[in-house]
Amino acid sequence: QLQLVVSGGGLVQAGGSLRLPCAASGSVFSINVMGWYRQVLGKELELVATITSGGITNYADSVKGRFTISTDNAKNTLYLQMNSLKPEDTAVYYCEADYKWHWFSSSTSSWGQGTQVTVSS
């Protein structure tokens, strides 16, 4: 099992920055893709950014050029650096990982708990 713990979040003014860490723990065979998602109350879950084990990144159009997803393998931590924040970035942010717990297992996913990010205008 892979456990993900999100920290960070909070209240920030528009134009400000925030970094969200997501710490991973547990014994797994491989982690294929990690990502950040967000959800506004009453709306669907939205993909924010993903990063593959090979370092290939993908971003939602709404955050391109402002957010950066990265990993620190030594710390087993996924990050989301958010710059030039806008009020519309206000949401609960979640991290997610697609992984295999053994070489013969199929891929499964694990989710961290959400953290609230509020951007004031």
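Throughout what follows, the structure given in this document is the object of discussion.

### Some words on the state of the cysteines
- For the coordinates displayed, the defined rule picks out 1 disulfide.
- The partner cysteine of Cys 22 in its disulfide is Cys 95, sulfur to sulfur 2.0 Å. On the sign convention where negative means left-handed, the S-S torsion of about 55° between Cys 22 and Cys 95 marks this disulfide as right-handed. One end of the pair, Cys 22, is in strand E3 (residues 18–25); the other, Cys 95, is in strand E9 (residues 91–100), with 73 residues separating them in the sequence.
- Note on Cys 22: relative accessible area 0%, which makes it buried.
- Note on Cys 95: relative accessible area 0%, which makes it buried.

### Some points on unusual backbone geometry
- Of note in this structure, Asn 76 is not a glycine but carries a positive phi near 50°.
- Topologically, Asn 76 is positioned in the loop between strand E7 (67–72) and strand E8 (77–82).
- One non-glycine residue, Ser 84, adopts positive backbone phi at about 50°.
- For Ser 84, a relative accessible area of 39% corresponds to the partly exposed category.

### Some remarks on the sheet that holds E7
- An order of E1-E3-E8-E7 is seen for the 4 strands of this open sheet, with the pairing classed as antiparallel. Of all the strands in the sheet, the pair left with one neighbour each is strand E1 (3–6) and E7. Strand-to-strand twist of the sheet, defined as the mean angle between neighbouring strand axes without regard to direction, takes the value 20°.
- Summarising the sheet, E1 and E3 pair through 4 bridges and their orientation is antiparallel. Bridge pairing in E3 places Val 6 opposite Cys 22.

About the thresholds
Residues numbered from 1 in each chain as written. Predicted model: local features only at pLDDT ≥ 70, side-chain atom pairs only at ≥ 80, totals over all residues. Heavy atoms only, no water. Disulfide = S-S within 2.5 Å. Helix = DSSP H or I, 4+ residues; strand = E, 2+ residues; numbered from the N terminus. Buried < 20%, exposed > 50% of the residue type's maximum accessible area, 1.4 Å probe, protein only. Pairing = 2+ DSSP bridges. Axes fitted to C-alpha atoms, helices over the stretch in contact; angles between N-to-C directions.

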